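Coordinate inspection notes
Residue strings, one per chain:
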Amino acid sequence: MTLQSSVARIALFAALIAALGLVPQITIPFAGGVPITAQTLGIMLAGLILGPWRGAAAVLVFLAVVALGAPLLAGGRGGLGVFAGPTVGFLIGWPIATIVVGLVYRAMPEARPILAGVTASVVGGILTLYAFGIPGLSLVTEMPLAKAAAVVGVFIPGDILKAFIAAAVAREVRRARVLA
Amino acid sequence: MGRLNLLEPAARRLPAGLKLLLLAVASIALFRLDGLAPLAAAVAAVLLLAAVTGSLGAVRQLRPLLTVIVLSFAAHALLGDWRLGLAVCLRIAALVTLAGIVSALTPLSDMLAALDRGMSPLRRLGVPTRPVAVAIAMTLRFAPLLAERWRALGDSWRTRSPRRPHWRLLTPFVIGAMDDADRAADALHARGGFVEKRP
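Residues numbered from 1 in each chain as written. Chains lettered and ligands numbered in written order. Predicted model: local features only at pLDDT ≥ 70, side-chain atom pairs only at ≥ 80, totals over all residues. Heavy atoms only, no water.

Chain B goes by Biotin transport system permease protein in an unreviewed UniProt entry, where it is assigned to Caenispirillum bisanense.

Where an unreviewed UniProt entry is consulted, chain A appears under the name Biotin transporter, with the organism given as Caenispirillum bisanense. Per UniProt, the comment on chain A under Subcellular location (unreviewed entry) is "Cell membrane". (UniProt positions renumbered as here; feature names shortened; annotations may be inferred.)

Below, the structure is given as structure tokens:
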């Protein structure tokens, strides 16, 4: 892939993650229509569709744009303040989670796409991400690790749902377009 | 009552790099500060700074954090140390508001220029930094366009289906963005790729 193509895909995916924070929440009918914040879904998709390195680059560009002051984080947040708040561990974990999603997905070329996609999203987008998010929350709020884990634990069912959606969307996108 | 925001023009003119450096130093200091009284004083100082620089809006940044702040206070109170809980809340309030003040007083263009200067050592080492600048500019340009496309996809769903649009819209959304990327890549190529600007 040429440098121009790489940069364009990285930038468009960063914009896609941003747009997922701007749009109203996405509903999931089979979960009783609960709305979900789609931005972490974008993190999983970046790893599944762009691969580990371009995916992580897209997430870093998105975080850079947020740090520069654009209010593109879900809920219209942005600026340097988000990197001083209790959720900073999750933001730091995003690019690393994307790398893990991409690497795990690539390591399972023989598996069914849905299985590979869900596995990669759970290992990267949940296990790896929370491994950064929970200590970050514990550090900023001085809560013990177990307490911090309990506080964010309520988001895990939603994240498992997102892993399935990310895997399904990645499979459909790969059917429709050849993404070298 | 007189206007408080006397220092706003001066604060806006301050170089972005200097503001970021001051923010970093202040954040480290806040992390090392302990005890209720010093942290309460720090919050008061940050609020005063926000008032004199006309950026009290930065306090609004705390609203989405309210749940986490309340939960962490409750956790500390349950563990028997409400003083530590309050100190933690005060520290988060000071940190987040201070960072918000810097963002409010520094336009995006200044931040971009500061980022470009920060990357200049890389340029001297021969690493091209132009692609990073182009990617950031493209992201800022395309984010609202893609949000608009999401709405358009939702509208066309609603004209065809009695059900509400849901996550299935993500597939055409992602494919559309990847097609945009291919067209943008052609446009970049046609304009000569990433030629570094030579002064």
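Read on, since the account is not over.
**Quick word on the UniProt feature "transmembrane region" (unreviewed entry) in chain B**
Residues and elements named next belong to chain B. What UniProt calls "transmembrane region" (unreviewed entry) maps, in this numbering, to residues 16-33, 39-58, 65-86 and 92-115. Secondary structure across residues 65-86 divides into 82% helix and 0% strand, with the first and last C-alpha atoms of the span separated by 15 Å. With 92% helix and 0% strand, residues 92-115 has end C-alpha atoms that lie 26 Å from one another. (Helix = DSSP H or I, 4+ residues; strand = E, 2+ residues; numbered from the N terminus.)

**Structural notes on the packing of helix H2 (residues 39-50) of chain A against helix H4 (residues 88-106) of chain A**
Helix-helix packing is described using two parameters, namely the angle between the two axes and the distance between the axes. Residues and elements named next belong to chain A. The N-to-C vectors of H2 and H4 enclose an angle of 45 degrees; their axes lie 7 Å apart at closest approach. What the angle tells us is that H2 and H4 run oblique. The chirality of how H2 crosses H4 is right-handed. Across the interface between the two elements, Gln39, Thr40, Ile43, Met44, Ala46, Gly47 and Leu48 of H2 pack against Trp94, Thr98, Val101, Gly102 and Tyr105 of H4. Per-class residue counts for the contact of H2 with H4 are seven nonpolar, five polar and no charged. (Axes fitted to C-alpha atoms, helices over the stretch in contact; angles between N-to-C directions. Parallel < 35°, antiparallel > 145°, perpendicular 65-115°, else oblique. Left-handed = near helix turned anticlockwise from the far one by under 90°. Contact = heavy atoms within 4.5 Å. Nonpolar A, V, L, I, M, F, W, Y, C, P; charged D, E, K, R; others polar.)

**Quick look at the interface of chain A and chain B**
Facing 58 residues of chain A, the contacting portion of chain B comprises 60 residues. In terms of surface lost to chain B, no three residues of chain A exceed A:Gln4, A:Leu12 and A:Leu68, which account for 14% of the buried area on that side. Scanning the region where chain A abuts chain B turns up three salt bridges. A salt bridge links B:Asp182 to A:Arg9, with the shortest nitrogen-to-oxygen separation between them at 3.2 Å. Remark: the boundary between chain A and chain B carries nine residue pairs in polar contact (both at pLDDT 80 or more). Secondary structure elements with two or more residues in the side of chain A that touches chain B: helix H1 (3-22), strand E1 (26-28), H2, helix H3 (52-67), helix H5 (113-141), helix H6 (145-152) and helix H7 (156-176) of chain A. Element by element, the count of residues in the side of chain A that touches chain B is highest for H1(A), at 16 residues. (Buried area = accessible area lost by both parts, 1.4 Å probe. Salt bridge = Lys/Arg side-chain N within 4 Å of Asp/Glu carboxyl O. Polar contact = N/O pair within 3.5 Å; in protein donor to acceptor, adjacent residues only side chain to side chain.)

**Here's the deal with the UniProt feature "transmembrane region" (unreviewed entry) in chain A**
Residues and elements named next belong to chain A. The UniProt entry lists residues 7-24, 80-105, 114-133 and 145-170 under the feature "transmembrane region" (unreviewed entry), expressed in the numbering used here. The span residues 114-133 carries 100% helix and 0% strand; its end-to-end C-alpha distance comes to 26 Å. As annotated, residues 145-170 comprises 88% helix and 0% strand, and the C-alpha atoms at either end are separated by 34 Å.

**So, the nonpolar core**
Judged by nonpolar contacts, the single largest core of 119 residues is most densely connected at A:Phe13 and A:Phe62. With 14 residues, helix H5 (residues 82-105) of chain B is the largest single contributor of residues to this core. The residues that make up this core include at least three from each of domain 1 (1-106) and domain 2 (110-199) of chain B. Non-local contacts of A:Phe13, meaning those with residues more than four positions away in its chain, are made with A:Gly42, A:Leu45, A:Ala46, A:Ile49, A:Leu50, A:Ala58, B:Val174 and B:Met178. (Core = buried A, V, L, I, M, F, W, Y, C linked by side-chain atoms within 4.5 Å. Buried < 20%, exposed > 50% of the residue type's maximum accessible area, 1.4 Å probe, protein only. Domains from an automatic or database assignment.)

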